[in-house]
Amino acid sequence: MKVRIGIGSLPVGNGTGEVGGFAELVDELEARGIDSLWLPDLVGTDSVDALTGMAFAVGRTRSLKVGTGVVVLPGRNPALVAAQLASLAALAPKRVLPVFGVRSARPRERQLYPVPEGRRAAVFEEALLVVRRLLAEERVTHHGEFFDLDDVTIGPRPPGRLDLWLGGRAPVGLERIGRLADGWLGSFVTPVEAAECRATIERAAAAAGREVEEDHYGTNLAVVPPEATPAQVDAALAASLDRRPDVDPQKIVAHGWAEARDRIREYVDAGLSKFVVRPATPVGSWRGFLDAFDHELRPLET
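Residues numbered from 1 in each chain as written. Predicted model: local features only at pLDDT ≥ 70, side-chain atom pairs only at ≥ 80, totals over all residues. Heavy atoms only, no water.

Undergrad: Give a detailed account of the packing of aromatic side chains, specifying residues and quantitative values.
TA: All told, the structure shown has four aromatic pairs when counted by the stated rule. When the ring of phenylalanine 22 is compared with that of phenylalanine 56, the centres are 5.7 Å apart and the planes differ by 45°; the resulting orientation is tilted. Of the two residues, phenylalanine 22 sits in helix 1 (residues 19–32) while phenylalanine 56 sits in helix 2 (residues 50–60), which places them 34 residues apart along the sequence. The class for phenylalanine 22 is buried, based on a relative accessible area of 8%. Overall, the relative accessible area of 32% leaves phenylalanine 56 in the partly exposed class. With a centroid separation of 5.1 Å and an interplanar angle of 55°, the aromatic rings of tryptophan 257 and phenylalanine 289 are classed as tilted. Taken together, the residues span a long stretch of sequence, with tryptophan 257 in helix 8 (residues 256–269) and phenylalanine 289 in helix 9 (residues 286–296) at a distance of 32 residues. The two residues tryptophan 257 and phenylalanine 289 agree in class, both being buried. One aromatic cluster is present, formed by Trp257, Trp286 and Phe289 through successive ring pairs. (Phe/Tyr/Trp six-rings, centres within 6.5 Å; stacked < 30°, edge-to-face > 60°. Helix = DSSP H or I, 4+ residues; strand = E, 2+ residues; numbered from the N terminus. Buried < 20%, exposed > 50% of the residue type's maximum accessible area, 1.4 Å probe, protein only.)

Here's what the structure looks like:
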């Protein structure tokens, strides 16, 4: 498996969400030859919008891959999402890595993605089908429960096939990945859980008569830099507990680079090969964080 490690943008509230800080990060990643940049879907924060940020980043670079981690699909018009992705992938072939999710991780943002009550999963699956068909077919007619399209086309369509990954860790979501997706990007999972997630996806894919490629399994990893203050560490652990109150955050958040190396090796042993590393606390400068990243983690790539 090809082990690749990208960078996830900083969470909201770190003081570097301005355009200048984002541009600096993009330039640093390109100059260092780092594999990829991953942007969260956080509306109403100082984080750069995921799809807009992708367009900015691929237009400013020549080799950097850019992904989403993850974009909420239900509540968006899937035809417009497909058109955006098609244009991006046509302008930057093999550098656009879309990952979709069912709902926002932040409860206060869920109102921004309206769907019929109790039908979010069904909307998601039909929307994903619409996106995939529009990216692959010259003209699409679709009459489903939620979307109606008559002889719709988008362009320019990307060369080749654009892989569509999904996030999530609930059993029903993992089963959906096996049936419908090209890969999985997890978050807030332990290595043991990651191995179980992969096994569930593989079983679902086999039952559906399909296969997810061996190296299309990955996860996010939050790293507490050594210079983090005790208060910042406490905040990072609290944020982990907020997302996974059932798991000791020490098993999810890596404290320092040595622990991050060990954790990635554990994930690789569990069958994962794609990683999004992000600082769990504010960093003084991206350059310093990336210096350590280059030295400590990039040797793990294969």
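Having seen the structure, we can now continue with the description.
Undergrad: Please give an account of helix 9 that cites residues and values.
TA: Because the α-helix completes a turn every 3.6 residues, residues three or four places apart line up on one side. Of the residues making up helix 9, those classed as buried are Trp286, Phe289, Leu290 and Phe293. Looking straight down helix 9, one finds its buried side chains confined to an arc of 95°; they lie on one side. (Arc of directions from axis to C-beta.)

Undergrad: Please give an account of the pattern of salt bridges that cites residues and values.
TA: Tallied over the full model, the rule gives 26 salt bridges. Among the salt bridges present, the one from glutamate 28 reaches arginine 32, with a minimum N-O distance of 2.8 Å. On the criterion of helical spacing, the pair formed by glutamate 28 and arginine 32 is a turn pair, its members being four residues apart in helix 1. Of the two residues, glutamate 28 and arginine 32, both sit in the buried class. Note that aspartate 182 and arginine 161 form a salt bridge whose closest N and O atoms lie 2.8 Å from each other. Residue aspartate 182 is found in the loop between helix 5 (171–180) and strand 10 (183–186), and its partner arginine 161 is found in the loop between strand 8 (148–152) and strand 9 (165–166); the two are separated by 21 residues along the sequence. (Salt bridge = Lys/Arg side-chain N within 4 Å of Asp/Glu carboxyl O.)

Undergrad: I'd like a description of the packing of helix 4 (residues 120–136) against helix 5, backed by residues and values.
TA: It is the contact of helix 4 with helix 5, at a shortest axis distance of 12 Å, that shows an interaxial angle of 20°. As judged from the angle between their axes, helix 4 and helix 5 are roughly parallel. Here helix 4 runs over helix 5; the crossing is right-handed. Side by side, helix 4 and helix 5 meet where Ala121, Phe124, Glu125, Leu128 and Arg132 of the first sit next to Arg176, Arg179 and Leu180 of the second. For the contact of helix 4 with helix 5, a count of residues per class yields four nonpolar, no polar and four charged. (Axes fitted to C-alpha atoms, helices over the stretch in contact; angles between N-to-C directions. Parallel < 35°, antiparallel > 145°, perpendicular 65-115°, else oblique. Left-handed = near helix turned anticlockwise from the far one by under 90°. Contact = heavy atoms within 4.5 Å. Nonpolar A, V, L, I, M, F, W, Y, C, P; charged D, E, K, R; others polar.)

Undergrad: Give a detailed account of the pairing of strand 2 (residues 36–39), specifying residues and quantitative values.
TA: The two faces of strand 2 match: Ser36 and Trp38 on one face and Leu37 and Leu39 on the other face are all buried. Where strand 2 meets strand 3 (residues 65–68), four bridges bridge the pair, whose relative direction is parallel. Within strand 3, the position partnered with serine 36 by the bridge is lysine 65. Remark: the strand 2/helix 2/strand 3 crossover connection has right-handed handedness. (Pairing = 2+ DSSP bridges. Right-handed = clockwise from strand over helix to strand, strands pointing away.)

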